[in-house]
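Structural description and commentary
Now for the letters of each chain:
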Amino acid sequence: MRTRCLIFTLGLCCVASLAAPTQIVLGTSSVEPQPVPRKLHGRFLHITDIHPDPFYEPGASRASACHRPNLKDNSPAGYYGAPYGWCDSPFSLTNFTLDFLDEHWTSEIDFVIWTGDNARHDNDHDMPRTLDEIYDLNRAVAKKMEHVFLRKGIPVVPSLGNNDISPHDRLSAGPNKIFEEFSSIWSAFIPPTSSASFNQGGYFSTEIIPDAVAAISVNTLYFYTKNHAVKGCRYADPKDPGNIHLDWLEEQLEGFRSRQMQVWITGHVPPSEAKYFPECYYRFVELNLRFQDTILGNLYGHLNVDHFSFLDADDIDMSLKTSLKGTLFKTLIADFSEIPEPLEETHYDNYAVVNINAAIVPNPYIPSFRIFTYNTTGLSGFVEDIGSDPYLQTTKATQRRRALNHEQVRAFKKPKCERKKSRNTWRCQFHKPWHTDSESPSRRNSLWSPLGFAQFYMPRLAEFDQTHDPEFELEYTTFPLSSLHPDEEAQNITNHQYVIPLRLLPEELRQPGAVESEYTPYELNDLTIPSWLDLATRLTKDKELRSRFKEFMYMGGAEE
C-alpha cells in the first residue's frame, strides 16, 4: 500500500490508499476574501450526489468502475466522466462543476442545499473503500464548498448520504465516531446551536435567512430500510434513533412556526413507502402535513433521477391499502392518477411536495444541478437586515393572526386500532391538530414561496477532454416562457430581477418575443402545492407532456 498526499492550498492531508490518483485533487485558492454584506437574490442551489473518485482513470474500462484499462472495451472512460454507466466522478468533473458554480452562480444565489454522497461507491472489489478515504473525500469536497460559497457569505446546508459512511447504509445510534468526524468536517456549516443534535444523530437546523427562513437537515439513514442497525421507529421503542430524530424534528418545526418562520426540509434518501421503514414514514408524513403552513417543501437526492412526488394523507389512513406499481416512472404516474378531480374541490391540506434532484455523478445518467427561484417581493436591503424588514414584520403579524384560526383535528379512519396488534402503532396515535392555511407560502404564491427552477445538465459529457472544455446547458425550466422576460409594466425597471439570468439562458431565449420553446414544457406559475398537483394531473392526461417528463427523469438513459 502506497501513501499518497492530497495537497490543498488551504492545508495538507495525507492518507493511505491503494493507488495514486491521476488527476488534480479538488483544489482551492489560498486567497480568502472576507464575506461582504449579502443582497437577497431570491435564488438557491440544490446540488447532490457528487461521488468523487480519486482512482478514476481516463481511458479505463467501465467494467472496472473506470479504475483499470481494458483494450477490448469499446467505450472507455472519458476525461470528464463516463455517462450512462456505473463509474463515479473524476476530480476533473467535480472541480469543473464547483468552479463553474463559483464563476456563474455565486453572485446570483442566497444559499446552497447539498444533499449528500461525497465519496465514491463501494463498487470495486479489487479496491475496497476505507473509512479514512471516505472522510478524506468528504473533507476535500467540504473545503471546496467552503472556498466557493462560504467565503462569499453564502450558507451551505449539507446532509449525510448513505455512501458517506462505512459500511454503506449502516448507521447506529449516536453519539459515535462518524458524527464526531463529520462534526469536524462540517464545522463551518453547522451552527453552534445545533452541535448537540448533530453529535446525537447527524441532523441539525440552521437559519439560512436569519429570523425568516430555516433549513432542517434530516438524517434519513435512521428511516432507511437498508439500515439494519436501527429498528425502524416502532411506537413501542421511544429510544429508537429514528423516533428520537422525529421527536427532535417536531420540536424544531414547533419552534420555527412559533416565530412565523418558513422551513425547507432537506436530506439524502427521499421519503417513500419503498425507501422508509413504515413507522418512520407514517410519522414523517404526519409531521409534514401537520406543519404544512411552515414547510416550504422537501429536497433530496440519492436516486439520481429528476422527479417529484407527494406525501399524502391517504398514506396514513389505515382504511386504505397501498401497493408499488413497477418502475419509478410507472409508480409516479399511477400515484398521480389517483389524485381526486376536479382539483378545485381537492383538499390541498392533504398534500406535501417532495422534490428529488438529479446528480452530479454520471452514474447512471449525466451531471446535473438545479437552481430554484423563490418569492422575495416586498423586501429590501441586505440578508443581515431581513429580520427587521418592515414588510417581513407585517407578514409575520398577519401569519400570527391567521394561525389562531387555522387549526384542525384530522379524523382518520382507524378500524384496525381496536386490534391489539395495531394498537401500538404510530398511525393510531395521530391526534394533534394540523396547522394548515390556504394563504401560507406552500399553498399560495406569497413571500418565500418557491416560484420555479432551472435544471442544468451536461448532455455532451463524452465529447469533452483536455482540449475541449465542458459546458453546462439549460435542460428545462418550470417557468412559463412569458416569465423569462419582464412584462410591459416592468420593462422600464432598471434593476429588474430575471428569474434566470439572461447570460445563462440559451441564445434563443435571451431576447423577448418567443411564443414557444422546448425549454418551458410545464408552464408553472409557481411551485406551490396546487401547482404541483395540477402538473401531476396533466401528466396523466397529456401523452406528449408525460413523455417529456420521462425524458427529463432519465436524461436519455434507460428507465429503471
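One can find the structure itself at the top, above this paragraph.
Residues numbered from 1 in each chain as written. Predicted model: local features only at pLDDT ≥ 70, side-chain atom pairs only at ≥ 80, totals over all residues. Heavy atoms only, no water.

**Focus on the overall build of the protein chain**
The following threshold applies: Numbering of helices and strands starts at the N terminus; helices are DSSP runs of H or I of at least 4 residues and strands are runs of E of at least 2. Each residue is placed in one exposure class: buried if its accessible area under a 1.4 Å probe, protein chains only, is under 20% of its type's maximum, exposed if it is over 50%, and partly exposed if it falls in between. The criterion used for residue contact is that any of the two residues' heavy atoms lie within 4.5 Å. The Shrake-Rupley method, run with a 1.4 Å probe sphere, supplies the accessible areas, and residue values consider only the shown protein chains as cover.
The secondary structure content of the protein chain amounts to 11 helices and 16 strands. Each of the 560 residues in the protein chain was classed as buried or not, and the buried ones make up 59%. Of all intrachain contacts in the protein chain linking residues separated by at least 6 positions in sequence, the fraction that spans at least 24 positions is 75%. Element-wise, carbon and sulfur atoms account for 50% of the exposed surface of the protein chain, whose accessible area totals about 23500 Å².

**Describing the packing of helix 10 (residues 529-541) against helix 11 (residues 543-554)**
For clarity, the threshold we go by: Fitted lines through C-alpha atoms serve as axes, helices being fitted only where they are in contact, and the angles separating the N-to-C directions of these axes extend from 0 to 180 degrees. An angle counts as roughly parallel when it lies under 35 degrees, as roughly antiparallel when it exceeds 145, as roughly perpendicular when it falls between 65 and 115, and as oblique in every other case. Crossing chirality is assigned from the near helix's rotation relative to the far helix, an anticlockwise turn below a right angle marking it left-handed and a clockwise turn marking it right-handed. Under the scheme applied, nonpolar residues are Ala, Val, Leu, Ile, Met, Phe, Trp, Tyr, Cys and Pro; charged residues are Asp, Glu, Lys and Arg; polar residues are all the others, including Gly.
Two elements in contact, helix 10 and helix 11, have axes whose closest approach is 6 Å; the angle formed by their N-to-C orientations is 110 degrees. Looking at the two axes, helix 10 sits roughly perpendicular to helix 11. With respect to the hand of their crossing, helix 10 and helix 11 are arranged in left-handed fashion. Facing L535, R538, L539, T540 and K541 of helix 10, the residues of helix 11 in contact are K543, L545, R546 and F549. Looking at the contact of helix 10 with helix 11 residue by residue, the classes come out as four nonpolar, one polar and four charged.

**Re the state of the cysteines**
What counts here: Two cysteine sulfur atoms form a disulfide, by the criterion used here, when they sit within 2.5 Å.
For the structure shown, the criterion picks out three disulfides. For C233, the disulfide goes to C280, at an S-S distance of 2.0 Å. Disulfide C233 to C280: torsion about the S-S bond roughly 95 degrees, handedness right-handed. Placement of C233 in the loop between strand 7 (213-217) and helix 5 (241-258) and of C280 in helix 6 (residues 278-290) is noted, with a sequence separation of 47 residues between them. Indicated for the protein chain is the disulfide connectivity 1-2, 3-4, 5-6, based on numbering the bonded cysteines in sequence order.

**Digging into the sheet that holds strand 15 (residues 450-457)**
As a reminder, the rule being used: Strands were regarded as paired on the criterion that DSSP finds at least two bridges between them.
The strand order 5-4-3-12-15-16 describes an open sheet built from six strands, whose pairing is mixed. In the strand order of this sheet, the two ends are held by strand 5 (156-158) and strand 16 (473-477), each with one partner. Averaged over all neighbouring strand pairs, the angle between strand axes comes to 25 degrees, with direction disregarded. As judged from the four bridges shared by strand 3 (residues 43-47) and strand 4 (residues 111-114), these two strands associate in the parallel manner. Bridge pairing in strand 4 places L45 opposite V112. Together, strand 3 and strand 12 (368-374) form the strand contacts of helix 1 (residues 91-104), whose direction differs from that of strand 3 by roughly 180 degrees.

**Comments concerning the nonpolar core**
The cut-off we apply is this: Grouping buried Ala, Val, Leu, Ile, Met, Phe, Trp, Tyr and Cys residues that are joined through side-chain atoms within 4.5 Å yields what is termed a nonpolar core.
In this structure, W114, F149 and W448 are the most contacted members of the largest nonpolar core, which totals 147 residues. In terms of residue count, the dominant contributor to this core is helix 6 (seven residues). Counting five residues, the second-largest nonpolar core is a separate cluster that includes Y56, C66, A77 and C87.

**Some thoughts on the pattern of salt bridges**
Short version of the rule: Each reported salt bridge corresponds to a side-chain nitrogen of Lys or Arg within 4 Å of a carboxyl oxygen of Asp or Glu.
Applying the stated criterion across every chain, the model contains 30 salt bridges. Of the charged contacts in the structure, one is a salt bridge between D124 and R68, with a shortest N-O distance of 3.0 Å. You can see D124 sitting in the loop between strand 4 and helix 2 (131-148) and its partner R68 sitting in the loop between strand 3 and helix 1, a full 56 residues away along the chain. Classification of R68 as partly exposed rests on a relative accessible area of 29%. With a closest N to O distance of 2.7 Å, D306 and R370 form a salt bridge. Remark: R370 occurs in strand 12 and D306 occurs in the loop between strand 9 (295-300) and strand 10 (307-312); sequence separation between them is 64 residues. One exposure class covers both D306 and R370, and it is buried. One continuous salt-bridge network, built from bridges that share partners, spans E207, D211, R259 and K396.

**Things to note about the packing of helix 5 against helix 6**
Running from N to C, helix 5 and helix 6 cross one another at 0 degrees; their axes reach a closest spacing of 11 Å. In terms of orientation, helix 5 and helix 6 fall into the roughly parallel class. Here N243, L246, D247, L249, E250, L253 and E254 of helix 5 lie close against helix 6, whose contacting residues are C280, R283, F284, L287 and R290. The residue inventory of the contact of helix 5 with helix 6, partitioned by class, reads six nonpolar, one polar and five charged.

**Some details on the pairing of strand 11 (residues 351-356)**
Extensive coverage of strand 11 is indicated by the burial of six of its six residues. Relative to strand 11, strand 9 runs parallel, the two sharing three bridges. Considered in strand 11, the bridge of L299 is made with N355. Pairing between strand 10 and strand 11: six bridges, direction antiparallel.

**Things to note about helix 3 (residues 177-185)**
Short version of the rule: What the arc describes is the spread of directions from the helix axis to the C-beta atoms. Counting of polar contacts relies on pairs of N or O atoms within 3.5 Å, with two restrictions inside protein: one atom must be capable of donating a hydrogen and the other of accepting it, and residues adjacent in sequence are counted only when both atoms are side-chain atoms.
Residues of helix 3 that are buried include every one of I178, F179, F182 and I185, and no others. The buried residues of helix 3 all sit within an arc of 120 degrees when viewed along its axis, so they share a single face. Packed against the buried residues of helix 3 are helix 2 and helix 4 (195-201). Structurally, the start of helix 3 carries an N-cap: the backbone nitrogen of I178 is 3.1 Å from a side-chain oxygen of N176.

**Regarding the sheet that holds strand 10**
The strand order across the open sheet built from six strands is 6-7-8-9-11-10, with neighbouring strands paired in mixed fashion. Whereas interior strands pair on both sides, the edge strands pair on one side only; in this sheet they are strand 6 (204-209) and strand 10. When strand polarity is set aside, the average angle formed by the axes of neighbouring strands in this sheet is 25 degrees. The pairing of strand 7 with strand 8 (residues 262-266) spans five bridges and is classified as parallel.

**Overview of the environment of R548**
Counting through the fold element by element, R548 comes out in helix 11. C-alpha of R548 to C-alpha of P521: the two residues are 27 residues apart in sequence and 7.8 Å apart in space. Residues in contact with R548, not counting those within four places in the same chain, are E518 and P521. Of note is the side chain of R548, whose polar atom sits 3.0 Å from the backbone oxygen of E518.

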